[in-house]
Amino acid sequence: MAKLIVISGDERQEFELAAFNTIGRHPDNTIQILDRIISKEHAQIQRAADGRYLLRDLRSLNGTFMRGERVADHYLSDGDEFTMGSTRIVFVDKPKTDDVLQRVTIAPGLTESHIRGRIQANTGDFMPERQISDDKNLRRDYERLRIGHELARAVGSELDLDKLLPKILDKAFELVGCDRGVILLMDGNGELSPRFVKTRSGKSDPNIVLSKTVLAEVTTNRAAVLSSDATMDARFSGAHSIIMQGIRSTMTLPLLHAGDLLGIMHLDSLFTSNAFTEKDLQICTGMAAQAAISIQNARLATRIEKEAQTRAQISRLIPPSVVEQVLKGELTIEKGGRQQEVTMLFSDIRGFTTMSDGRPPQEIVNTLNEYFEVMVDILFKYSGTLDKFVGDEIIGLFGAPIAIEDAPFKAVACALAMLQGLEEFNRTRAAENQAAIRIGIGINTGNVITGSIGSTRALQYTAIGDAMNVASRLVNVAGSGEIIASEDTYRHLVGRVEATALPPVKVKGKADELKVYRITGLRKLATPLPGEWAGPTNS
């Protein structure tokens, strides 16, 4: 099944491709990518009559690039990577899973008397050199090391389970003379499920029947099993499924890791009498142990990848630094609250009601989503926490839930960066014949109660207090493109920002007028913050 892997920052998403697919910012696309550099209708991918997929750029403003060159039409191959804006996209086209997996069945068959050899899967540690008294032990340990080395070299560092399982069976076919091989893995319900089948002829057999008795022996006793010659042993007279397939010899091995059964590897011979020996069983037992390690590593890699995707989703709501502390248990946000000094930033779109008049609701929502995407990225960059969206208003907190150094300065630097980011965003909108968005920003610093507020079923982290109310009033004082800061915020910034004192203003809920300042930039002598962070400077 062909698919696209879309990588944007730390976020990774996968989309299966249909016969016709569209890509762009607009939600009506088959694949929506919220990247402000990407056009609303950026490109399309169509499956041709020969099964190949054609990527076609729809004359997008910023283009589609592959290996650094802009492309218009391009037939995609498995593993091709192309970029749109700041987003990387990988095309994956794996062949469909052989339907032989649907024809692997587990049925009653072999009885206890049909099993002629067992080896415990856990063969023990290697003997210290001084304890080796005969060549037999030495040869056995050497053989285990050789098989482990051979398989490790064959699978390498492969972490894709769909690529790993074929390599394991390839090595098994190379080591012993088998005609068919099946790897079954435990599914989420604790049941064995076929995951890969290989035949020496390369053709799919009409049906592959596995003995329920043998599988039970392997799963219960954790033992590798060598079965008798089915076509020549009279004891198989009742094993009709085995006789019908003409199976002469089988090996069934547990895939164990740290005592846990990950699955089973089954090998059989159709044409050679007594194909497998006790030595073959011992060799394959050692190989199965190494294979289990590789399978577990692949599963862990998949789990880590999924956790990274989950982390990326959570990071869309709170800064990544806060996410990490929550995941590590270093930060708990409980119901209730505590008092702390916080700097609050309110940003509001100017003339949004007029701009929305007469436009379809979905178009308004799309505009807001694109705008929020830009603004929240900037908020997180400057260590801000998203408190909430209120209509077209963004409320950010600096210093909660984690106290940060110089929160007022970071809030002001963030506000300036928002205005700069908005200009870039508006250039893209202008190229699409859309009206520019203008905002005003209000900032205040003061003591508030922060914490999770709500019911036992629904909690929301927020800040409550008079200082929060003042910030909400200041955003209404700010004109288009203005940043208005209170005196309580400005006193932390004296000498480090370009600011103009404005006449005191009267705001709702306050008896006295408030001293406010218009912030226009950062002074170049402002001390940069540690690490990669650096606020915008006044040109």
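See the structure shown above.
None of these values were measured; they are calculated from a predicted model.

> Looking at this model, I keep getting lost on the pairing of strand β10 (residues 81-84). Mind explaining?
Consecutive side chains along a regular strand alternate between the two faces of the sheet. Burial of β10 is one-sided: the residues F82 and M84 facing one way are buried, the residues E81 and T83 facing the other way are not. Examined bridge by bridge, strand β7 (residues 64-66) and β10 share three bridges and lie antiparallel to one another. Across the sheet, T64 pairs through a bridge with M84, a residue of β10. As paired elements, β10 and strand β11 (residues 87-93) share four bridges and run antiparallel to each other.

> Would you explain the state of the cysteines in this entry?
Throughout this description, disulfide means a covalent bond between two cysteine sulfur atoms. Considering all chains together, one arrives at zero disulfides under this definition. Not part of a disulfide, C284 finds its nearest cysteine sulfur in C178, a span of 7.2 Å.

> Please explain the packing of aromatic side chains as it appears in this structure.
This structure, assessed with the given rule, holds four aromatic pairs. An angle of 45 degrees between the planes, with centres 5.5 Å apart, marks the rings of Y371 and F372 as tilted. Side by side, Y371 and F372 carry an identical accessibility label, which is buried. An aromatic cluster is defined as three or more aromatic residues linked by ring pairs; in this entry it consists of Y371, F372 and F389. Residue placement shows R52 over the ring face of Y75; its charged tip is 3.9 Å from the ring centre. When the ring centre of F173 is taken as origin, the NZ or CZ atom of K198, which lies over that ring, is 5.1 Å away.

> I'm lost on the environment of D488 in this one. Help?
For D488, the position within the fold is in helix α11 (residues 487-490). The spatial distance from the C-alpha of D488 to the C-alpha of K515 is 9.0 Å, given a sequence separation of 27 residues. Not counting the four nearest positions on each side in its chain, D488 is found in contact with N444 and T445.

> Looking at this model, I keep getting lost on helix α10 (residues 466-477). Mind explaining?
An α-helical turn contains 3.6 residues, so any two residues separated by three or four positions project in the same direction. With 12 residues, α10 should reach 16 Å at 1.5 Å per residue; the first-to-last C-alpha distance of 17 Å fits that figure. Buried within α10 are the following residues: A467, M468, V470, A471, S472, L474 and V475.

> Which parts of the structure should I look at to understand the environment of I394?
With respect to the element layout, I394 can be found in strand β22 (residues 393-398). Counting along the chain gives 49 residues from I394 to L345, while the straight-line C-alpha distance between them is 8.0 Å. Excluding residues that lie within four positions of it along the chain, I394 makes contacts with L345, F346, S347, Y371, F372, M375, L386, K388 and F389.

> Any chance you could explain empty space enclosed by the protein here in plain terms?
Sizing a probe to match a water molecule and rolling it over the atoms shows the empty space that remains. Counted by the stated rule, this structure contains two cavities of 30 Å³ or more. Estimated volume of the second largest cavity: approximately 40 Å³. Forming the walls of the second largest cavity are R25, L34, D35, R36, E370, E373, V374 and F425. Tallying contributions element by element places helix α8 (residues 361-381) first for the lining of the second largest cavity, with three residues. For the lining of the second largest cavity, the class distribution of residues is three nonpolar, no polar and five charged. Counting residues domain by domain, the lining of the second largest cavity receives three or more from each of domain 1 (3-94) and domain 3 (333-453 + 460-522).

Rules of the game
Residues numbered from 1 in each chain as written. Predicted model: local features only at pLDDT ≥ 70, side-chain atom pairs only at ≥ 80, totals over all residues. Heavy atoms only, no water. Buried < 20%, exposed > 50% of the residue type's maximum accessible area, 1.4 Å probe, protein only. Helix = DSSP H or I, 4+ residues; strand = E, 2+ residues; numbered from the N terminus. Pairing = 2+ DSSP bridges. Disulfide = S-S within 2.5 Å. Phe/Tyr/Trp six-rings, centres within 6.5 Å; stacked < 30°, edge-to-face > 60°. Lys NZ or Arg CZ within 6 Å of the ring centre and 35° of its normal. Contact = heavy atoms within 4.5 Å. Expected span 1.5 Å × (residues − 1). 1 Å grid on protein atoms, 1.4 Å probe; cavity = no way out; pocket = protein on both sides within 12 Å on 5 of 7 lines; lining within 4 Å. Points joined across faces, edges and corners; volume = space filled by probe spheres on them. Nonpolar A, V, L, I, M, F, W, Y, C, P; charged D, E, K, R; others polar. Domains from an automatic or database assignment.

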